[in-house]
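Structural features, examined
Listed below, chain by chain, are the residues.
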Amino acid sequence: MWREAVAEDLTLLARLHGVELDEATLVALGAAHFPSCLALAPVAQTDREARQLLAGALGGDPALAMSLDEMAADYAALYLNVRHQTSPNESAWINEEGLERQEAMFAVREWYTRYGLEAGDWRRRQDDNLSLQLQFIAYLFGQAKSDAELAPAAEFMDAHLLRWIERFAERVAQRAQTPFYAGLGMLTACYVRGVRDLLVERVGVPYPPPPKPRRPWRGPKIVEQSAAYVPGIEPSW
């Protein structure tokens, strides 16, 4: 069933964004032929480039090979200390001052509460974190007994994840120091967009009309630094 397959993919992506990779995980990804094992085939050129980058990083391409220490340092810079100004939290991208733990966090929390879920320790990982949002969408897909029950997933994606995931992925692709994370950011944005397109096609939930123009906002403040790659989780409940 396509709903279960998408739920599994989103859960995997949530884990890859949510915890630092270890050797066992990298071996498992290689054995599963990630990312070609994903349920949705690539459509956009950016998606194809991201998958090629990831496949090369996992397949032993000497030009893309990185040590676990290098991967850990990149993960910390991207997701933990956000040295690259790549916050994985929605608030930093939606709030006009780039502040964390703002309105978006509480709005996402209300969604979780509606389904009897909670994000755990929000001081360590706030509710609007990318990994948790992916887990929540996976949960909605996994619980749905029919395609019609996926309408809330489309509503949540429109209200939250799709408002910022592409800007986040673009920044990660520009700032990541390892090909794996550069590719992962782009792949995730493309996959999420592909899922939403399926909800239009299979569930009949159209995209909302575009919002009224407002002052442009590109997310957390950028501190200039060299870009290494510009190609073209723990469970909480």
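Predicted, not measured: the structure shown is a model, and the values here were computed from it. (Residues numbered from 1 in each chain as written. Predicted model: local features only at pLDDT ≥ 70, side-chain atom pairs only at ≥ 80, totals over all residues. Heavy atoms only, no water.)

If you look at the biggest cluster of nonpolar residues, it comprises 65 residues, and the most contacted ones within it are Phe-34, Phe-141, Phe-180, Tyr-181 and Leu-199. Of all the elements, helix 10 (residues 179-203) adds the most residues to this core, at 13 residues. Non-local contacts of Phe-180, meaning those with residues more than four positions away in its chain, are made with Leu-16, Leu-21, Leu-29, Leu-54, Ala-57, Leu-58 and Met-71. (Core = buried A, V, L, I, M, F, W, Y, C linked by side-chain atoms within 4.5 Å. Buried < 20%, exposed > 50% of the residue type's maximum accessible area, 1.4 Å probe, protein only. Helix = DSSP H or I, 4+ residues; strand = E, 2+ residues; numbered from the N terminus. Contact = heavy atoms within 4.5 Å.)

Where helix 9 (residues 165-175) contacts helix 10, the two axes come as close as 8 Å, and the packing angle between them is 160°. Taken together, the axes of helix 9 and helix 10 are roughly antiparallel relative to one another. For helix 9 against helix 10, the interelement crossing comes out left-handed. Every residue of helix 10 that contacts helix 9 at Ile-165, Glu-166, Ala-169, Val-172 and Ala-173 is listed here: Tyr-181, Ala-182, Gly-185, Met-186, Thr-188, Ala-189 and Arg-193. Class assignment of the residues belonging to the contact of helix 9 with helix 10 gives a composition of eight nonpolar, two polar and two charged. (Axes fitted to C-alpha atoms, helices over the stretch in contact; angles between N-to-C directions. Parallel < 35°, antiparallel > 145°, perpendicular 65-115°, else oblique. Left-handed = near helix turned anticlockwise from the far one by under 90°. Nonpolar A, V, L, I, M, F, W, Y, C, P; charged D, E, K, R; others polar.)

Let's shift gears to helix 6 (residues 103-114). Over its twelve residues, helix 6 extends 17 Å from the first C-alpha to the last, a length consistent with the 16 Å expected when each residue adds 1.5 Å. For helix 6, the full list of buried residues reads Ala-104, Met-105, Val-108, Trp-111 and Tyr-112. Considered in projection along helix 6, the buried side chains sweep an arc of 120° and stay on one side of the axis. In helix 6, those exposed residues whose orientation departs by more than 90 degrees from the buried face are Glu-103, Glu-110, Thr-113 and Arg-114. The elements touched by buried residues of helix 6 are helix 5 (90-94), helix 7 (130-143) and helix 8 (151-159). (Expected span 1.5 Å × (residues − 1). Arc of directions from axis to C-beta.)

A few words on helix 3 (residues 45-58). Taking 1.5 Å as the rise per residue, helix 3 with 14 residues should run 20 Å; its terminal C-alpha atoms sit 20 Å apart, in good agreement. Residues Asp-47, Glu-49, Ala-50, Arg-51, Leu-53, Leu-54, Gly-56 and Leu-58 constitute the buried set of helix 3. The inward-facing, buried residues of helix 3 abut helix 2 (23-31) and helix 10.

Let us now look at the confidence of the model for the protein chain. Residues with a pLDDT of 70 or more make up 89% of the protein chain, whose mean pLDDT is 89. This model gives residues 229-237 a pLDDT under 50, and the stretch forms 42 contacts once residues within four places in sequence are excluded. (pLDDT = per-residue confidence, 0-100.)

Turning next to the side chain of Ser-91. Here Ser-91 shows up in helix 5. Residue Ser-91 is classed as buried on the basis of its relative accessible area, which comes to 1%. Polar contacts involving the side chain of Ser-91 include one to the side chain of Asp-128, which spans 2.6 Å. In contact with Ser-91, other than residues within four places in its own chain, are Leu-99, Glu-100, Arg-101, Gln-102, Ala-104, Met-105, Gln-126 and Asp-128. (Polar contact = N/O pair within 3.5 Å; in protein donor to acceptor, adjacent residues only side chain to side chain.)

To continue, consider the environment of Arg-193. With respect to the helices, strands and loops of the structure, Arg-193 is situated in helix 10. Judged by relative accessible area, Arg-193 falls into the partly exposed class, the value being 25%. Separated by 36 residues in sequence, Arg-193 and Met-157 place their C-alpha atoms 9.2 Å apart. Those residues in contact with Arg-193, other than ones at most four positions away along the chain, are Leu-162, Glu-166 and Tyr-207. A polar side-chain atom of Arg-193 sits 3.1 Å from a polar atom in the side chain of Glu-166.

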